[in-house]
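Structural overview for review
Below, each chain spelled out in residue letters.
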Amino acid sequence: MNALTQPIVATQPLAKSQHDLHNARSLLDATLRFVRQQTQTRDDPYVISRFGDVQIRIEVAAALLERAEEFLNSHEDDTEVSVAIAESHLASAEALNTASHNEFELTGQ
């Protein structure tokens, strides 16, 4: 099965996306708090760009989650809904993966 043939589960089909997005935001906030305490890395352009990259991925995932919710609520074509849900899952997982990698890279934890 793939995103086009997998049946839509009526109970919380976007729960994974919501969970991953929440965790990505939490990781970003925790990493940002840690880095702000480090005077030597706080103004480093590379560090700033890493945070920008994570923030962009989180915003994209949030937009795709919102789009998938709209598709789900509007009862569009099942294929379109499945694709929107899959896009949301992928984007939120990518945001979480990037936030996690960023946390490890910048904090060593």
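Coordinates for the structure precede this section.
First things first, this report covers the structure right here in the doc. Just so it is clear, the model here is predicted, and its values are computed rather than measured.

1. Thoughts on the packing of helix α1 (residues 15-37) against helix α3 (residues 78-107)
Direction vectors running N to C along α1 and α3 enclose 20°, while the axes themselves pass 8 Å from each other. Taken together, the axis directions place α1 and α3 in an arrangement best described as roughly parallel. Handedness of the α1/α3 crossing: left-handed. When α1 is examined against α3, the residues K16, S17, D20, L21, N23, A24, L27, T31, F34 and V35 are found in contact with a partner set consisting of S88, H89, S92, A93, A95, L96, A99, S100, N102, E103, L106 and T107. The residue makeup of the contact of α1 with α3, split by class, is 10 nonpolar, 9 polar and 3 charged.

2. Examining α1
Across its 23 residues, α1 extends 34 Å between first and last C-alpha, which sits within 8% of the 33 Å expected from 1.5 Å per residue. Of the positions making up α1, those classed as buried are S17, D20, L21, A24, L27, L28, T31 and V35. Along its buried surface, α1 packs onto α2 (45-74) and α3.

Cut-offs used in this document
Residues numbered from 1 in each chain as written. Predicted model: local features only at pLDDT ≥ 70, side-chain atom pairs only at ≥ 80, totals over all residues. Heavy atoms only, no water. Axes fitted to C-alpha atoms, helices over the stretch in contact; angles between N-to-C directions. Helix = DSSP H or I, 4+ residues; strand = E, 2+ residues; numbered from the N terminus. Parallel < 35°, antiparallel > 145°, perpendicular 65-115°, else oblique. Left-handed = near helix turned anticlockwise from the far one by under 90°. Contact = heavy atoms within 4.5 Å. Nonpolar A, V, L, I, M, F, W, Y, C, P; charged D, E, K, R; others polar. Expected span 1.5 Å × (residues − 1). Buried < 20%, exposed > 50% of the residue type's maximum accessible area, 1.4 Å probe, protein only.

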